[in-house]
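Per-entry structural report
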Amino acid sequence: MKNIKVLGTGCAKCKNTVQVLADSAQALGIEVKIEKIEDLPQIMAYGVMSTPAVVIDETVVHKGGVPTKDQATQWLQG
């Protein structure tokens, strides 16, 4: 199982990021746990200054925009 964190303040882009990741995981048949982090000090602890950001297994893989399904698929398969 992959542990995914979506860092952001709860904006529409952050919600879309969660959906892209969930849809991609389901399409691949990969079990994931997606956690939404909205606490600013926690977000900053990852060195993220632009959101949404994606953290997979404690590694920041994306910052500052909604990822594409292709990007999410690559991260989940990697």
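One can find the structure itself at the top, above this paragraph.
The notes below deal with the structure included here.

Structural notes on the overall build of the chain
- Helices and strands together make up the secondary structure of the chain, namely 3 helices and 4 strands.
- Ordered by position from N to C terminus, the α and β elements of the chain give β-α-β-α-β-β-α.
- Against the compact-globule benchmark of 12 Å for 78 residues, the chain has a radius of gyration of 11 Å, which places it among compact chains.
- Expressed along its principal axes, the backbone C-alpha trace of the chain runs to roughly 35 × 25 × 15 Å.
- Here the chain, with 78 residues, has 33% of them falling under the buried criterion.
- When contacts within the chain are restricted to residue pairs at least 6 apart in sequence, those whose partners lie at least 24 apart make up 66%.
- Looking at the chain as shown, the accessible area adds up to about 4500 Å², and 49% of this sits on carbon and sulfur atoms.
- Here the chain holds 8 positive side-chain charges and 8 negative ones, and the gap between their average locations is 5 Å.

How each quantity is defined
Residues numbered from 1 in each chain as written. Predicted model: local features only at pLDDT ≥ 70, side-chain atom pairs only at ≥ 80, totals over all residues. Heavy atoms only, no water. Helix = DSSP H or I, 4+ residues; strand = E, 2+ residues; numbered from the N terminus. Rg over C-alpha atoms; globule rule 2.2 N^0.38 Å. Buried < 20%, exposed > 50% of the residue type's maximum accessible area, 1.4 Å probe, protein only. Contact = heavy atoms within 4.5 Å. Areas by Shrake-Rupley, 256 points an atom, 1.4 Å probe, with all protein chains shown as cover. Lys, Arg positive; Asp, Glu negative; His and termini not counted. Charge placed at Lys NZ, Arg CZ, Asp CG, Glu CD.

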